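# Breakdown of the fold
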Amino acid sequence: IQEDHKLSASELEEKYGTSTNKGLSSARAAEILARDGPNSLTPPKATPEIVKFLKQMVGGFSILLWIGAAFSWISFGIQFAQGAESPFDNLYLGVVLALVVILTGIFAYYQEAKSTNIMASFSKMIPQQALVIRDAEKKELPAEELVVGDIVEIKGGDRIPADIRLIFTQGCKVDNSSLTGESEPQSRSCDFTHENPLETKNIAFYSTTCVEGTATGIVINTGDRTVIGRIASLASGVGNEKTPIAIEIEHFVYLVAGVAISIGVLFFIISVSMRYKILDSIIFLIGIIVANVPEGLLATVTVSLSLTAKRMAKKNCLVKNLEAVETLGSTSVICSDKTGTLTQNRMTVAHLWFDNQIYSADTSEDQTTQPFDQTSSTWTALSKIVTLCNRAEFRPGQENLPIMKRIVVGDASETALLKFTEVILGDVMSIRARNKKVAEIPFNSTNKFQLSIHETDDPNDKRFLLVMKGAPERILERCSTIMINGKEEPLDSEKAEAFQTAYMELGGMGERVLGFCHLYLPENEFPDTYPFDTDSMNFPTSNLCFVGLLSMIDPPRSTVPDAVSKCRSAGIKVIMVTGDHPITAKAIAKSVGIISATSETVEDIAKRLNIPVEQVNRREATAAVVNGMELKDMSLQQLDEILCNHSEIVFARTSPQQKLIIVEGCQRQGAVVAVTGDGVNDSPALKKADIGIAMGIAGSDAAKNAADMVLLDDNFASIVTGVEEGRLIFDNLKKTIAYTLTKNIAELCPFLIYIIASIPLPIGTITILFIDLGTDIIPSVALAYEKAESDIMNRRPRNKRRDRLVNEQLAVYSYLQIGIMQSVGAFVTYFTVYAEQGFLPSTLLGVRVNWESNAINDFEDSYGQEWTKYQRMYLQWTGYTAFFVSITIQQVADLIIRKTRRNSIFQQGLFRNKVIWVGIFSQIAIASILTYGLGHVTALNFTPLRFQYWFVAVPFAILIWVYDEVRKLLIRRYPGSWWDKNMYY
Amino acid sequence: GLILLFYLVFYGFLAALFTFTMWVMLQTLSSDIPKYRDRISSPGLMISPKPDTALEFYFNKSDVQSYAEYVSTLRKFLESYDDSKQSQNINCTPGRIFDQNDVAVKKACRFNLSELGQCSGKEDKTFGYSKGTPCVLVKMNRIIGLKPEGEPHIHCTSKEEGMVEINYFPPDGLIDLMYFPYYGKSLHAHYLQPLVAVQLAINSNSTKEEIAIECKILGSPNLKNEDDRDKFLGRIAFKVQMTE
């Protein structure tokens, strides 16, 4: 526990062996640097690249394929030892399988590395410099080289380079928001004000910024030992949850692997009991595994996800972790920050009150005029006060920028007022120049007003104008009259009442209200040469004329209300978590729709019914505003109750640590939680959340590191477009998987029938790989470009437990219906090829042993002709090619039917997704190249095929299309029926 | 229940569809000749008897049992060439292709067993195995419509010089053109393919040694015998090892 804040400067000098004037000696500093290490946060331990790579090699289906490869090599070894004639086939097959695993592994690794690199560029920072006193000299050093005991000087705008005990300050204020979430700058002094080092004023923390003033201090902690360093290491302790899509893919891999292994083992047993040789049975097993495993699918899923990630990046959602793309789609609760995310993060004038009336101002991001009534001469007076009683100035050289984008030197309220007047009156700076300032009292927290005295720009009016702004009640105290329609009227109790009402109303909207008053100093008492002295205040500061009120708020971004209502219709609960005051939080929540217009909090009901809060039935309130102080004393059950019972929740005055509690609470309800955050202290919550969203502009590096996604424009609305993309990709991945799984049956059936009916093998293992990794790849990626079938933002988020990526219906429909149809079509082609060459179907049954015998070179066909072994093999490869081509042709139909799950293809538009046609074209092109281009390479087992065999399966392809259209029609016609339940995937 | 019924109907329909398309496909085929014969443009060679172990003959000429299987295989193979079975066959004009395209009922040409001389099994019931002069019958695979050109004949060579003397029946291993073309099982039911008997007179010094013999079809430009991949296309290799 740090005690440094309690020590005096001289005690500190002694403790750290330093001197406030001379600093450390370079030699001593080097010693300490060697002992403590550089002053930087250790980056979270990255998994070594080789481990990441190996993980890709054994993940997913890789294990199954390795087993297949191992079996191939084993059977090669046995055959080689037995001296059989062509044992190299199995050696090659093993090598090919291993290559498939390695290549898909490299591909997945590359994809992952690419998305990590995007992030790496983010965390690169410009090396920070610090002004240090060493060897009695001021030096600029890289902040990394700071050591404990160094004397550093900081000034407004600097980032604090280490934890520093301040020994000299001048008007120093720091922004601790990255540490505590508190957005108000806090003043710093040399005094020990609090036992807790986090609360005391004489310590400035690493990574916070100095907003204004200057300070000098002794470095007391560096690197990971700083407060922020300790929090950052805490964040790495929060476990990383598996993403929903990772769970879904795992589920799918288990399913397919389960099917593969059980069919494999079943047929291994069958073939052994059918008196096949063990070796043959093993070779069958390899074939079954290869046919069952969709080798290209995981790569396709990765590509689809990264395509979506790219699309999301264009919409300002930068996804760090590919799988997070879908997580966003299944999100059911968004815990959003207020400042900057829901709001524009700048104070803006929202309302005015003068002439006994409230006017609203335009608060949108790109305002160029103000629409309210500006004809009253009260407004003229008010605008003059607002213009003159303001110290904020535009930074020079921004004349071409829109007013709202210009950078201003000054605090948030003054900036708002400056921009407001600039929009209405134009060139404020020249107005100020024409009304020369002769005296000024800046705002301070004791008198709570700001005052200045100006000459007027009317050459005939020699009077001075005293203008004042400040806390409304303080301003009113100093006024005896009030301006109504340009005329000064005495401030009676009725008018004071009107002021109170307006003040309450504006304050009730969560707005920061300022009062404005003025006084023309009588010319005779205050001549041109009158010496105004702000210390003795030799001018009147009471009996002024009250002119009006202005209220300011950090207004919501204009796109947010729409985004929130989209979330609402998409069944996503938006919870606001903010460090702000409950009233402000509630006002913003209401204006963006997080709390809808009709719902009430417990307090609202109490007020309406005029009963104490305790008597209100809590269930009646749909909305809740929970104060951080209440949250602190709440038990987990109470929190759960709030999260359960209220659909509209605002957490105000919360600390970033409480965010973690809220996230955990939501997760206990089974929700998939997205959390936004920018501060370092948000990082545990960002990590804990199912998807952590860091702010790209306001976010700290620690937050970006902990997050899964970075919101480049800090805009809540971008999250909603992200959700839409995430939901779309889930639907589209379903389609991709359904498409890919279908042909597995058409690849598997040949093996099963080959084993049972002993016909010549209809399709080879290598050929299967050419479908899985050749013709099918581009079409399955093309499905990722499919547009949504209906408004996906109008349905509830998917239920993690019920709405699986690969559900029973999908597997059954793909495997047992479309897959079987494909198999039938392919078998018709197979039998046609054999029959037209002389082997009628009846001759083929049970011929396997003789057919494959190397010794039989006079194998008789149905017409009495005799075939050598090689002639039969060549015919068998022609069979492979025909089977391959048939599957390809039917996969075209499969691709088209997978475009939609419910709508008719004609509703969806056959040509809207152009990439599908690229896919179809690629499929046909690859198949043609394999058949005609590589048809003479024996090892590939393709042969040039007669043109007409391409069309044998076409009727079956059409049948698949028609059948699926009927299926969809019945689903649409009879929702909820037996058909719908069993056939909709 | 309903789901079972559904699949029953569904698969029933698919089975019917499969049967129907297969039936349609089979209707387009002729029962006489296959639609395409491009996969067997050139015939392979095969021998009889055919040992189980990869075309290697091992026998002891003084041990009847050791070659009994070869002899019985040959006997069985030649049964269909028996004169009694060839009563319907006609004598064709030697040296000429026997075209019967216009005739509805295709006639088969007679192949006289006597053409096989000492290997006909008539004089030597053991086909020379007991004398150390084993006979091996070489036949060319049947291919519908194949018309050999030139003067096809079987020629065998032994890698090892002087170990074996090779005699052919009919002389020079000639395959007569009159046996071609073949019209297929259904039209040409009694067709008998021409045979060439190769008699290997093994040198008495060379007993106990493995003799590799390769037989090729020569003299016909349209019968291939040098294919890289198909080791049986117009050629056949086998080994003989005789002990005493």
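Worth saying up front: this structure is predicted, and the values here are computed from it rather than measured. (Residues numbered from 1 in each chain as written. Chains lettered and ligands numbered in written order. Predicted model: local features only at pLDDT ≥ 70, side-chain atom pairs only at ≥ 80, totals over all residues. Heavy atoms only, no water.)

### Quick word on the overall build of chain B
Across its full length, chain B carries two helices and eight strands. The secondary structure elements of chain B, listed N-terminal to C-terminal, are α-β-β-α-β-β-β-β-β-β. By the compact-globule yardstick of 18 Å for 244 residues, chain B is too spread out, its C-alpha radius of gyration being 23 Å. Seen along its three principal axes, the alpha-carbon backbone of chain B occupies a region of about 80 × 50 × 40 Å. Burial status across chain B gives 48% buried among its 244 residues. Contacts in chain B between residues far apart in sequence, at least 24 positions, make up 74% of those at least 6 positions apart. Carbon and sulfur atoms make up 54% of the accessible area of chain B, which amounts to about 12,200 Å² in all. When the 27 positive and 29 negative side-chain charges of chain B are each reduced to one mean point, those points stand 7 Å apart. (Helix = DSSP H or I, 4+ residues; strand = E, 2+ residues; numbered from the N terminus. Rg over C-alpha atoms; globule rule 2.2 N^0.38 Å. Buried < 20%, exposed > 50% of the residue type's maximum accessible area, 1.4 Å probe, protein only. Contact = heavy atoms within 4.5 Å. Areas by Shrake-Rupley, 256 points an atom, 1.4 Å probe, with all protein chains shown as cover. Lys, Arg positive; Asp, Glu negative; His and termini not counted. Charge placed at Lys NZ, Arg CZ, Asp CG, Glu CD.)

### A look at the pairing of strand S20 (residues 544–553) of chain A
Residues and elements named next belong to chain A. Of all 10 residues in S20, 10 are buried, a share of seventy percent or more. Two strands pair when backbone bridges link them, and strand S10 (residues 348–354) and S20 are joined in this way by five bridges, in the antiparallel orientation. Looking at the pairing, Leu352 lines up with Leu550 of S20. One ladder, built from three bridges, connects strand S17 (residues 479–484) with S20; its direction is parallel. Note that in S20 the partner of Cys479 across the bridge is Leu544. In terms of strand pairing, strand S19 (residues 512–521) meets S20 through seven bridges, oriented antiparallel. Of the residues in S20, the one forming a bridge with Phe516 is Gly548. (Pairing = 2+ DSSP bridges.)

### Considerations on the sheet that holds strand S7 (residues 210–218) of chain B
Where strands meet in a sheet, backbone hydrogen bonds hold them as pairs that are either parallel or antiparallel. Residues and elements named next belong to chain B. In spatial order, the strands read S2-S8-S7-S4; together these four strands make up an open sheet with mixed pairing. Here the strands that pair on one side only, and so sit at the sheet edges, are strand S2 (56–60) and strand S4 (153–158). Averaged over neighbouring strand pairs, the angle between their axes works out to 25 degrees when direction is ignored. (Axes fitted to C-alpha atoms, helices over the stretch in contact; angles between N-to-C directions.)

### Observations concerning the nonpolar core
With 217 residues, the main nonpolar core has Phe716 of chain A together with Tyr129 and Phe238 of chain B as its most contacted residues. Of all the elements, helix H25 (residues 716–757) of chain A adds the most residues to this core, at 19 residues. Sequence-distant contacts of Tyr129 of chain B, defined by excluding residues within four places in its chain, comprise Pro49, Phe57, Phe59, Lys61, Tyr67, Tyr70, Val71, Leu74, Pro134, Cys135 and Val136 of chain B. Judged by nonpolar contacts, the second largest core, of 28 residues, contains Trp353, Ile441, Cys479 and Leu544 of chain A. (Core = buried A, V, L, I, M, F, W, Y, C linked by side-chain atoms within 4.5 Å.)

### Structural notes on the state of the cysteines
By definition, a disulfide links the sulfur atoms of two cysteines through a covalent bond. All names here are of chain B. Under the definition given, this model contains three disulfides over all chains. Here Cys92 is linked by a disulfide to Cys109, with a sulfur-sulfur distance of 2.0 Å. Between Cys92 and Cys109 the sulfur-sulfur dihedral comes to about -100 degrees; the bridge is accordingly left-handed. Taken together, the positions of Cys92 in the loop between helix H2 (64–79) and strand S3 (135–140) and Cys109 in the loop between H2 and S3 put the pair 17 residues apart, joining distant regions of the chain. On the basis of relative accessible area, Cys92 is assigned to the buried category, the value being 15%. One disulfide in the model links Cys156 with Cys215; its S-S distance is 1.9 Å. Disulfide Cys156-Cys215: torsion about the S-S bond near 105 degrees, hence right-handed. With Cys156 in strand S4 and Cys215 in strand S7, this residue pair connects regions lying 59 residues apart in the sequence. Owing to a relative accessible area of 5%, Cys156 belongs among the buried residues under this scheme. (Disulfide = S-S within 2.5 Å.)

### Side note on the packing of aromatic side chains
What characterises a pair of aromatic rings is the spacing of the ring centres plus the angle enclosed by the ring planes. Residues and elements named next belong to chain A. Per the stated rule, a full pass over the model turns up 63 aromatic pairs over all chains. Centre to centre, the rings of Tyr359 and Phe372 are 6.0 Å apart; their planes meet at 45 degrees, and the pair counts as tilted. One end of the pair, Tyr359, is in strand S11 (residues 357–360); the other, Phe372, is in the loop between S11 and helix H12 (377–388), and 13 residues separate them in sequence. Like Tyr359, the residue Phe372 is buried in the burial classification. When the ring of Phe827 is compared with that of Tyr830, the centres are 5.8 Å apart and the planes differ by 85 degrees; the resulting orientation is edge-to-face. (Phe/Tyr/Trp six-rings, centres within 6.5 Å; stacked < 30°, edge-to-face > 60°.)

### Things to note about the domain arrangement of chain B
Domain annotation of chain B identifies domain 1 (1–30) and domain 2 (34–242). Look at where the C-alpha atoms of domain 1 of chain B and domain 2 of chain B centre, and you get two points 46 Å apart. (Domains from an automatic or database assignment.)

### Comments concerning the interface of chain A and chain B
Every contact between the two is made by 49 residues of chain A and, on the other side, 45 residues of chain B. Carbon and sulfur atoms supply 60% of the area that chain A and chain B bury against each other, a total of about 3,900 Å² over both sides. Contact with chain B buries area across many residues of chain A, yet Glu836, Tyr863 and Glu866 of chain A alone supply 18% of it, more than any other trio. At the junction of chain A with chain B, the criterion picks out seven salt bridges. Note that Lys139 of chain B is salt-bridged to Glu866 of chain A, the shortest N-O span being 3.0 Å. Here chain A is connected to chain B by 21 residue pairs in polar contact (both at pLDDT 80 or more). Elements that contribute at least two residues to the side of chain A that touches chain B include exactly helix H28 (808–837), strand S28 (866–867), helix H31 (869–898), helix H34 (954–973) and helix H35 (978–983) of chain A. (Buried area = accessible area lost by both parts, 1.4 Å probe. Salt bridge = Lys/Arg side-chain N within 4 Å of Asp/Glu carboxyl O. Polar contact = N/O pair within 3.5 Å; in protein donor to acceptor, adjacent residues only side chain to side chain.)

### Digging into helix H21 (residues 636–645) of chain A
All names here are of chain A. Residues of H21 that are buried include every one of Leu639, Asp640, Ile642 and Leu643, and no others. In an axial view of H21, the angular spread of the buried residues amounts to 160 degrees, which keeps them on one side of the axis. Exposed residues pointing more than 90 degrees away from the buried face of H21 are listed as Gln637 and Cys644. In this structure, the buried residues of H21 make contact with strand S21 (573–577), strand S22 (623–627), helix H20 (628–633), strand S23 (648–652) and helix H22 (656–668). (Arc of directions from axis to C-beta.)

### Topic: H28 of chain A
One turn of the α-helix equals 3.6 residues, which is why residues spaced by three or four share an orientation. All names here are of chain A. End to end, H28 covers 42 Å across 30 residues, agreeing with the expected 44 Å (1.5 Å per residue, within 8%). When you tally the buried positions in H28, you get 26 out of 30 residues, the bulk of the element. Gly838 sits one or two positions beyond H28 and adopts a positive phi of about 120 degrees. (Expected span 1.5 Å × (residues − 1).)

### Some words on the environment of Tyr168 of chain B
All names here are of chain B. Mapping Tyr168 onto the fold places it in strand S5 (residues 164–169). For Tyr168 and Gly117, which are 51 residues apart along the polypeptide, the C-alpha to C-alpha distance reads 9.0 Å. Excluding its chain neighbours within four sequence positions, the residues that come into contact with Tyr168 are Ile154, His155, Cys156, Gly173, Val196, Ala197 and Val198. At 2.6 Å, the side chain of Tyr168 and the backbone nitrogen of Cys156 are in polar contact.

### Concerning the sheet that holds strand S1 (residues 45–48) of chain B
All names here are of chain B. The strand order across the open sheet built from four strands is S1-S3-S6-S5, with neighbouring strands paired in antiparallel fashion. Here the strands that pair on one side only, and so sit at the sheet edges, are S1 and S5. Neighbour-to-neighbour, the strand axes of the sheet open up by a mean angle of 30 degrees, direction not taken into account. For S1 and S3, the ladder comprises four bridges, and the chain directions are antiparallel. Note on S3: the bridge partner recorded for Met46 is Lys139. Taken strand by strand, H2 contacts S1, S3 and strand S6 (195–202), and its axis lies near 40 degrees from that of S3.

### Re a nonpolar patch on the surface
All names here are of chain A. Nonpolar side chains collect at one region of the surface, where Trp73, Val95, Leu99, Ile102, Leu103 and Ile106 lie side by side and expose about 490 Å² of accessible area between them. Here the nonpolar patch gets five residues from one element, more than from any other, and that element is helix H5 (residues 88–123). Along the chain, Leu103 turns up in helix H5. Looking at Leu103, the relative accessible area reads 53%, which means it is exposed. (Patch = residues over 30% accessible without salt bridge, like charges linked within 9 Å, V, L, I, M, F, W, Y side chains within 5 Å.)

### Considerations on the packing of H31 of chain A against helix H33 (residues 914–933) of chain A
Residues and elements named next belong to chain A. Contact pair H31 / H33: the axes reach a minimum separation of 10 Å and the direction vectors enclose 180 degrees. When the axes of H31 and H33 are compared, the pair comes out roughly antiparallel. Contacts between H31 and H33 involve Thr881, Phe884, Val885, Thr888, Ile889, Gln891, Val892, Leu895 and Ile896 on the former and, on the latter, Ile916, Ile920, Gln923, Ile924, Ala927, Leu930 and Thr931. For the contact of H31 with H33, the class distribution of residues is 11 nonpolar, five polar and no charged. (Parallel < 35°, antiparallel > 145°, perpendicular 65-115°, else oblique. Nonpolar A, V, L, I, M, F, W, Y, C, P; charged D, E, K, R; others polar.)

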